[in-house]
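# Architecture and fold: a report
Take a look at the letters that make up each chain.
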Amino acid sequence: MEHAAASAGRFIRDRSRELSSLVWETKSPADFVSEVDVGAERIVRELLAGEPLRLHGVDEPLPVHMIGEEGTPDAEQLSDGVTWVVDPLDGTTNFLHGYPWYAVSIGALLDGVLVAGVVLNVATGESFAATAGGGATRDGMPIRVSTNTEPSRALIGTGFPFKNIDRLDLYLRQFAAITRRTAGIRRAGAAALDLCDVACGRFDGFWELTLAPWDVAAGLLIVREAGGLATDLDGRDAPVAFGPIVAGSPAMHGWLLGELRA
C-alpha cells in the first residue's frame, strides 16, 4: 500500500508542473476530475492487483475487490475477502489550483473490517499509516491524538458541504456554534489529511457532514489506532460508507459531538 501510494504520488507531483495544460472535467457542481486523478488511480490499481493475497497458513488466495473514486464511484457494498478503498487524489480542487494540500489515500478491509490504511500527503511528503491493533505512524514514528481537554483551546478541522448544498443551513449553524467555543476552525479541503491531523494531534477534532468511503477508509483506522474516536452523528462507530464523520481525541470527540447534535 505504501509503495502504491508513493508511486501514485510521484505521478501526481510530476503532473503538478503542468497545471496550466490540464483539462478539468466537472462531475457535479464544484466537484472536478482530471486526467491526473484517473492516472493515479490506474497506478494504484495495477500495483495492488499485482500479487495474490493469502492469509497466513492458507494456500487459497483471497478474493480481491476495489472501490475507487474514479473507477467505481457508486460502489457501496463491501465484499468478502480483501477490498481496497482508494482515493487517488484527495483534494483535487486544491491540486488544480496549485494549493499544496492533497493526498493519496488507500484503505484495506478484510471481510468488511478495516485492517490497514495509508495516507500520503503528496505536497509535503508526509506519510501516515496504521494497521489494526498495530498503532498509527507518521513517517514511521508513532503518533497519538491531542491531550487537550479544553474546548476553548481546541483547533477543529471541518469540510464544507459543497456537493450537498441542501445541508448548508445545518452546517452553518454548527459552524457558528463551534466557532464561538473554540480557538479556531480550519478547512483545508482534503478529508483524508484532516483525519490524519486529528491522529497526530494537530487538530483536536474534526467533522464533516457528507463524505464518501474513499475519503475516510484509511483515515478512520489511523485516527482509531492513534487513540481517537471516529463516529457518525449518532455516536456510532463510523463505517466505511457515505455519510457524516465526527472525529477527535476521546475528550474532545464527546464535547464536539454534543455541540453538533445540539
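Use the structure listed above.
Described below are features of the structure shown in this document.

Conventions adopted
Residues numbered from 1 in each chain as written. Predicted model: local features only at pLDDT ≥ 70, side-chain atom pairs only at ≥ 80, totals over all residues. Heavy atoms only, no water. Salt bridge = Lys/Arg side-chain N within 4 Å of Asp/Glu carboxyl O. Helix = DSSP H or I, 4+ residues; strand = E, 2+ residues; numbered from the N terminus. Buried < 20%, exposed > 50% of the residue type's maximum accessible area, 1.4 Å probe, protein only. Pairing = 2+ DSSP bridges. Axes fitted to C-alpha atoms, helices over the stretch in contact; angles between N-to-C directions. Parallel < 35°, antiparallel > 145°, perpendicular 65-115°, else oblique. Contact = heavy atoms within 4.5 Å. Nonpolar A, V, L, I, M, F, W, Y, C, P; charged D, E, K, R; others polar. Disulfide = S-S within 2.5 Å.

### Observations regarding the pattern of salt bridges
The full count for this structure, using the stated rule, is 11 salt bridges. Two residues, Arg 45 and Glu 41, come together in a salt bridge whose shortest N-O distance is 3.1 Å. Residue Arg 45 and its partner Glu 41 are both found in helix 2 (residues 35–48); the two are separated by 4 residues, about one turn of the helix. Note that Arg 202 and Asp 197 form a salt bridge whose closest N and O atoms lie 2.9 Å from each other. For Asp 197, a relative accessible area of 6% puts it in the buried group. Here the salt bridges do not stand alone but share partners, grouping Glu 126, Arg 138, Asp 197 and Arg 202 into one network.

### Re the pairing of strand 12 (residues 205–211)
Within strand 12, 6 of the 7 residues are buried, which leaves it mostly tucked inside the rest of the structure. Of the strand pairs in this sheet, strand 10 (residues 155–159) and strand 12 are connected by 4 bridges, and their pairing is parallel. Within strand 12, the position partnered with Ile 156 by the bridge is Gly 205. In the sheet, strand 12 pairs with strand 14 (residues 243–248) via 5 bridges, with the strands oriented antiparallel. If you follow Glu 208 over to strand 14, its bridge partner there is Ile 245.

### Some words on the packing of helix 5 (residues 191–199) against helix 6 (residues 213–225)
Running from N to C, helix 5 and helix 6 cross one another at 5 degrees; their axes reach a closest spacing of 8 Å. Taken together, the axes of helix 5 and helix 6 are roughly parallel relative to one another. From helix 5, Ala 191, Ala 192, Leu 195, Cys 196, Val 198 and Ala 199 reach across to helix 6, where they touch Asp 215, Val 216, Gly 219, Leu 220, Ile 222 and Val 223. Tallied by class, the residues present in the contact of helix 5 with helix 6 amount to 10 nonpolar, 1 polar and 1 charged.

### Remarks on unusual backbone geometry
Non-glycine residue Asp 111 carries a positive phi angle of around 50 degrees. Examined against the element boundaries, Asp 111 turns out to sit in the loop between strand 5 (103–110) and strand 6 (113–121). Not every positive phi belongs to a glycine, and Asp 139 is a case in point at roughly 50 degrees. Take Asp 139: it is sitting in the loop between strand 8 (135–138) and strand 9 (141–142). For Asp 139, a relative accessible area of 49% gives the class partly exposed.

### Digging into the state of the cysteines
Enumeration according to the criterion identifies 0 disulfides in this entry. Cys 200 carries a free sulfur, and the closest cysteine sulfur to it, the one in Cys 196, is 7.6 Å from it.

### What to know about the sheet that holds strand 13 (residues 229–231)
If you trace the 5 strands from one edge of the open sheet to the other, you get 11-10-12-14-13, paired in mixed fashion. Edge positions in the open sheet fall to strand 11 (184–186) and strand 13, since each of these has one partner strand only. Across the sheet, the mean angle separating the axes of adjacent strands is 15 degrees when strand polarity is ignored. Sheet analysis places strand 10 next to strand 11, joined by 3 bridges and oriented parallel. Considered in strand 11, the bridge of Ile 156 is made with Ile 185. In this fold helix 4 (residues 168–181) packs onto strand 10, strand 11 and strand 12, with an angle of close to 175 degrees to the strand it touches most, strand 12. Running at roughly 155 degrees to strand 12, helix 5 makes contact with strand 10, strand 12 and strand 14 of the sheet.

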